[in-house]
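Geometric and topological summary
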Amino acid sequence: MTPEKTPKPPAGSGTTLITVAPTGAEADKKRHPALPVTLNELVNTARECEAAGASVIHVHIRDDQARPTLDLTRLRDTVRALRESSTMIVQLSTGGAVTDAYADRLAVLDAQPDACSLTCGTVNFGDEVFMNPWPFIRELYARTKELHVVPEFELFDLGHVTTLHRLLDELGEPHGGHVHCDLVMGVPGGMPGDAPTLVSAVEALPAGASWSATGIGRRSLTVMFAALSAGGHLRVGMEDTTSYTKGRKVASNAELVQRAAALAELSQRPPMRPYQARAFLGVDDHS
Ligand code: KMH
Ligand code: ZN
């Protein structure tokens, strides 16, 4: 009997990339005291989450009143402090808050992070609209290439995948040469957080792209199980989920990473270490 031919698995498929998104721009510190909003809290969170199995940290920062900000001095200090305290890839959000100006979102790259998020389209965002028109997406992507920042393509809806194809067709591959996407599922106004939608989105991705997925709020576990079973990577954190289980608030970002890491181990794809994640995503080594 001829042995069945198995296709070559994609790079990184023996391990799971875990991204932690600890803060976001929306959660309220008063309602969620465990939310890291000061630099000190963020640094401690980074240390704990790296120890728990995360290799990328997706960063939003807050001001002294715990309101979201894109202040460039604070962003630079944050990148420096996170680099000193952890080996995780520092991915700054260019999404910011729905109220942030395009110019400020573009200027985030001047803080020289390893990586950044890059959302591939506008989406209704609860009662708000998260604006990402094509000219902005194009300009932001061109700037990531100039400044050698590795973008992660955030896909909140299936139409965003179409825009990702257009971006790559017009401007070519990202810095680092590898396309990595994050499916953000279950935002009220975006694609639903369920297994059939995840499979459709993954099928539409560019050939060779890797992907993570995150489910917002109560979609968190459904999306995590679907992503692991479909061979994807994971994003978790208080930006996306503030309840650990029904009726029980998240105690720390690290416990969300611990749960993701345990499920990744159970799936026989243990967490990727930060140095492996750098090679996988094509991120420059700043050490
Ligand atoms: N806060 C949302 C409006 C990103 O970080 O790039 C956008 C967001 C996406 O969180
Ligand atoms: Zn974000």
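Notes on the structure follow. Remember, it's a predicted structure, so these values are computed and weren't measured experimentally. (Residues numbered from 1 in each chain as written. Chains lettered and ligands numbered in written order. Predicted model: local features only at pLDDT ≥ 70, side-chain atom pairs only at ≥ 80, totals over all residues. Heavy atoms only, no water.)

Regarding the overall build of the protein chain
Counting its secondary structure elements, the protein chain contains 9 helices and 14 strands. Taken along the three principal axes of its C-alpha coordinates, the protein chain extends 70 × 45 × 40 Å. The buried share of the protein chain, taken over its 287 residues, is 53%. In the protein chain, 73% of the contacts between residues at least 6 apart in sequence involve partners at least 24 apart. (Helix = DSSP H or I, 4+ residues; strand = E, 2+ residues; numbered from the N terminus. Buried < 20%, exposed > 50% of the residue type's maximum accessible area, 1.4 Å probe, protein only. Contact = heavy atoms within 4.5 Å.)

Some details on the coordination of the zinc ion (ligand 2)
Perfect tetrahedral coordination of a metal by four donors corresponds to 109.5 degrees between them, and perfect octahedral coordination by six donors corresponds to 90 or 180 degrees. Those protein atoms acting as donors to the zinc ion (ligand 2) are His58 (NE2), His60 (NE2) and Glu239 (OE), and they sit at 2.1 Å. Sequence spacing among the residues donating to the zinc ion (ligand 2) works out to H-x1-H-x178-E. Within this pair, whereas His60 is found in the loop between strand 2 (56-59) and strand 3 (61-62), its partner Glu239 is found in the loop between strand 12 (233-236) and strand 13 (243-245), the two being separated by 179 residues in sequence. Accessibility classification places His60 together with Glu239 in one group, the buried group. (Donors = N, O, S within 2.8 Å, 3.2 Å for Na, K, Ca; no water.)

What to know about the site of ligand 1
Near ligand 1 there are 13 residues, and of these Glu26, Ser93, Gly96, Ser117 and Glu239 occur at the shortest range. The side chain of His60 places a nitrogen or oxygen atom 3.0 Å from an oxygen atom of ligand 1. Here a nitrogen atom of ligand 1 sits 2.7 Å away from a polar atom, N or O, in the main chain of Gly96. In the shell around ligand 1, the residues fall into 4 nonpolar, 7 polar and 2 charged. (Near = heavy atom within 4 Å. Polar contact = N/O pair within 3.5 Å; in protein donor to acceptor, adjacent residues only side chain to side chain. Nonpolar A, V, L, I, M, F, W, Y, C, P; charged D, E, K, R; others polar.)

Regarding unusual backbone geometry
Positive phi values are uncommon outside glycine, yet Gln112 reaches one of about 55 degrees. Relative to the elements of secondary structure, Gln112 occurs in the loop between helix 3 (102-107) and strand 6 (115-119). The exposure class of Gln112 is exposed, given its relative accessible area of 58%. One non-glycine residue, Gln268, lies in the positive phi region at around 65 degrees.

Some points on the pattern of salt bridges
A complete count under the given rule lists 15 salt bridges for this structure. Asp77 serves as the salt-bridge partner of Arg80, at 3.3 Å between the closest nitrogen and oxygen. Of this pair, Arg80 and Asp77 both sit in helix 2 (residues 72-85), 3 residues apart, which is roughly one turn of that helix. With a relative accessible area of 47%, Arg80 lands in the partly exposed category. Residue Asp114 is joined to Arg278 by a salt bridge in which the shortest nitrogen-to-oxygen separation is 3.8 Å. Highlighted residues: Asp114 in the loop between helix 3 and strand 6 and Arg278 in helix 9 (residues 274-281), separated in sequence by 164 residues. Here Asp114 falls in the buried class, since its relative accessible area comes to 2%. Taken together, the shared-partner salt bridges in this structure form one network comprising Glu154, Asp182, Arg235, Glu239 and Asp240. (Salt bridge = Lys/Arg side-chain N within 4 Å of Asp/Glu carboxyl O.)

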